[in-house]
Amino acid sequence: MGVGRPIDEDPLSRLLAPPPNETAEEREIRLKLEAEARLRSERIDDQLRAEKAALKKNKPVKVLLLGQSESGKSTTLKNFQLAYCQDQWEAERASWRMVIQLNLVRAINGILDLLAEEMAGGAAPATVDSDVSDDEGNFSPRTGSLLHFTGRHRLLKLRLAPLRTVQHDLEMRIGIQAGGELHDVISSPPNSPVLGSKERKQQEFFVRSATSWKQTHSRTPSDGTNTKYQDTQMRETADIIAGCAEDMKAIWEDSTVREMLLRKGIRMEATPGFFLNDIDRIAVRDYEPTDDDVVRARLRTLGVQEHRIKFNKGPASGSEWYIYDVGGSRTQRIAWYPYFDDCDAIIFLAPINCFDERLAEDRRINRLEDSYMLWKAVVSSKLLAKTSIILFLNKRDLLEQKLRSGVRIREHVHSYGDRPNDVEHALKYFQQHFRDILRKNSPEPRPFRAHITSVVDTKATAVTLSVVEEGILRDHLTRADLL
């Protein structure tokens, strides 16, 4: 029986050992071949590392826009598009004409509904497109002598009656463009009121985000007949609106109508899609929307909107971002959680003007308290422990208007105490409250990043977005081990 090998002998070492009786010339050749093989291996490793780094760098940045309904999420998304997708923005600009016309016509019809109820001797609730509370009174309605309506008011009602049909036609055309079936288009019948207490909120026109209602204007020869019909419809709508321009101005500027709205605690200027001060410019046959018009336009969407932005300038040049506008109503919030996975950043919008308002879905809940609860749920989520979270304290302009009108914060937010009832102190108070919630509930220490915004102000928002863009990109690259 032969002598066995030592049990601790390494087979790999034996395999790599120089051959016995190797000459000096053979050793030189072997070492040269080993060096070349080692160099090839290192080059392959370098290439794999470079490819892995490129994949990380080119991975889309995923950003969620979160906040309650009507907090400014869709408007913020429009600002991203305006700032970084100019070509697409220009292509879609004309598509917003019908939406802006609808916003204007709907507001006028809302006033006409209130006027009709007042003239009939009814007590209409304060229920224009506003979140003014109907149970605890956010804005104390004024009382006084009976309003005096004249034959002129009756004449204006009759002359503006065609706007009922215009509203219905616009809603139907936008809905059908969105690819919806007739039974999916929630709109107002031609002769039905657009206001009514809670029924109005339930019947607000909407489109489904899964469909594309925006029409680009690149026509193909095959759709010439349909295009001609659509153009005819648009001209007819513009003709009716232009023909009603003077009467719309008259009803909006009428002192008795203004007093009626004031007594009911209705602030039309604070409603989404407010264009009543722009009748001269919008109610014309050749109206073309401006950038500001598109940003201010109101179109309710259901579901999640996804927008992809390929940056070609600034710190994020070359990167692609996926921005998701997730529905903010209470029934839609369950859809947030699937998007938390692999999320790079969240822009959370909290409207700070709503300290005296109630949720449309549940009038028992204060909107500011709802924002606090949502903020706590987001910052305390372990799924988002590594995610950048940026807070937009939005609607500063409306907060200032509300405080100037005499609304006192401490009457609705008891912890505000005896602080001065001005914008500066209010902003400081609200910001500190959000900061405290973050500090107490975040699973890991994270910076508090907050911006005071009015996202309808496109120029100021563009500056804010450039700061946000750089911060999100830096965090994204850090997580990818590229910084």
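The rules we used
- Residues numbered from 1 in each chain as written.
- Predicted model: local features only at pLDDT ≥ 70, side-chain atom pairs only at ≥ 80, totals over all residues.
- Heavy atoms only, no water.
- Helix = DSSP H or I, 4+ residues; strand = E, 2+ residues; numbered from the N terminus.
- Buried < 20%, exposed > 50% of the residue type's maximum accessible area, 1.4 Å probe, protein only.
- Contact = heavy atoms within 4.5 Å.
- Areas by Shrake-Rupley, 256 points an atom, 1.4 Å probe, with all protein chains shown as cover.
- Pairing = 2+ DSSP bridges.
- Axes fitted to C-alpha atoms, helices over the stretch in contact; angles between N-to-C directions.
- Parallel < 35°, antiparallel > 145°, perpendicular 65-115°, else oblique.
- Left-handed = near helix turned anticlockwise from the far one by under 90°.
- Nonpolar A, V, L, I, M, F, W, Y, C, P; charged D, E, K, R; others polar.
- Phe/Tyr/Trp six-rings, centres within 6.5 Å; stacked < 30°, edge-to-face > 60°.
- Lys NZ or Arg CZ within 6 Å of the ring centre and 35° of its normal.
- Core = buried A, V, L, I, M, F, W, Y, C linked by side-chain atoms within 4.5 Å.

**Remarks on the overall build of the protein**
Part 1 of the reasoning: The secondary structure content of the protein amounts to 17 helices and eight strands.
Part 2 of the reasoning: Buried residues in the protein amount to 48% of all 483 residues.
Part 3 of the reasoning: The long-range fraction of contacts in the protein, counting pairs at least 24 apart against all pairs at least 6 apart in sequence, stands at 77%.
Part 4 of the reasoning: Of the roughly 25,200 Å² of accessible surface on the protein, 52% is carried by carbon and sulfur atoms.

**Quick look at unusual backbone geometry**
Glycine aside, residues mostly have negative phi angles, and peptide bonds mostly take the trans form.
Part 1 of the reasoning: For glutamate 70, which is not glycine, the phi torsion reads 65° and is therefore positive.
Part 2 of the reasoning: Summarising the element assignment, glutamate 70 is placed in the loop between β1 (61–66) and α3 (73–84).
Part 3 of the reasoning: On the accessibility criterion, glutamate 70 (16% relative accessible area) is buried.
Part 4 of the reasoning: Of note in this structure, lysine 395 is not a glycine but carries a positive phi near 70°.
Part 5 of the reasoning: Within the secondary structure layout, lysine 395 lies in the loop between β7 (388–394) and α15 (396–404).

**A few points about the sheet that holds strand β4 (residues 305–310)**
Part 1 of the reasoning: Pairing is mixed in the open sheet, where six strands are placed in the order β4-β5-β1-β6-β7-β8. Strand pairing shows two members of the sheet lacking a second neighbour, β4 and β8 (449–452), which therefore form its edges. Across the sheet, the axes of successive neighbouring strands diverge by a mean angle of 20°, strand direction being ignored.
Part 2 of the reasoning: Here β7 runs beside β8; their pairing, made up of four bridges, is parallel. Across the sheet, the residue bridging to phenylalanine 392 is histidine 451, located in β8.

**Structural notes on the packing of helix α14 (residues 367–379) against helix α16 (residues 423–441)**
Part 1 of the reasoning: Where α14 meets α16, the closest approach of the two axes is 9 Å, and the angle between their N-to-C directions is 30°. When the axis of α14 is compared with that of α16, the two are roughly parallel. Note on packing geometry: the crossing formed by α14 with α16 is right-handed. Here Leu368, Ser371, Tyr372, Trp375, Lys376 and Val379 of α14 lie close against α16, whose contacting residues are Tyr429, Phe430, His433, Phe434, Ile437, Leu438 and Asn441.
Part 2 of the reasoning: Grouping the constituent residues of the contact of α14 with α16 by class yields nine nonpolar, three polar and one charged.

**Examining the packing of helix α5 (residues 97–119) against helix α10 (residues 245–253)**
Two quantities define a packed helix pair, namely the angle between the axes and the distance from one axis to the other.
Part 1 of the reasoning: Running from N to C, α5 and α10 cross one another at 50°; their axes reach a closest spacing of 11 Å. In terms of orientation, α5 and α10 fall into the oblique class. For α5 against α10, the interelement crossing comes out left-handed. Only Met248, Ile251 and Trp252 of α10 make contact with α5, whose side of the interface consists of Leu104, Ile108, Ile111, Leu112 and Leu115.
Part 2 of the reasoning: Residues belonging to the contact of α5 with α10 are distributed by class as follows: eight nonpolar, no polar and no charged.

**Details of the packing of aromatic side chains**
Part 1 of the reasoning: Within the structure shown, the criterion is met by eight aromatic pairs.
Part 2 of the reasoning: On the numbers, 5.9 Å between centres and 65° between planes, the contact of tryptophan 252 with phenylalanine 274 is edge-to-face. On the criterion of sequence distance, the pair formed by tryptophan 252 in helix α10 and phenylalanine 274 in the loop between α11 (255–263) and α12 (279–282) is long-range, its members being 22 residues apart. Like phenylalanine 274, tryptophan 252 is buried.
Part 3 of the reasoning: Taken together, the ring pairs in this structure connect Phe348, Tyr372, Trp375 and Phe434 into an aromatic cluster.
Part 4 of the reasoning: The ring of tryptophan 252 carries arginine 258 above its face, with NZ or CZ at 3.8 Å from the centroid.
Part 5 of the reasoning: Positioned over the ring face of tyrosine 416 is arginine 419, at 5.8 Å from the centre of the ring.

**Observations concerning the environment of lysine 402**
Part 1 of the reasoning: The residue lysine 402 is located in helix α15 in this model.
Part 2 of the reasoning: In the structure, lysine 402 is positioned 49 residues away from asparagine 353 in sequence and 7.3 Å away in space, judged by C-alpha atoms.
Part 3 of the reasoning: Residues in contact with lysine 402, not counting those within four places in the same chain, are Arg267, Asn353, Cys354, Phe355, Asp356, Glu357 and Val407.

**Re the nonpolar core**
Part 1 of the reasoning: One finds Met248, Ile251, Met268 and Leu276 to be the most contacted residues of the largest nonpolar core, which totals 48 residues.
Part 2 of the reasoning: Those elements that provide at least two residues to this core are α5, α7 (162–177), α10, α11, α12 and α13 (291–296).
Part 3 of the reasoning: Per element, the largest residue contribution to this core is twelve residues, and it comes from α5.
Part 4 of the reasoning: The residues contacting leucine 276, other than those within four sequence positions of it, are Leu104, Ala107, Ile108, Ile111, Trp252 and Met268.
Part 5 of the reasoning: One finds Leu64, Cys343, Ala350 and Leu374 within the second-largest nonpolar core, a separate group that totals 38 residues.

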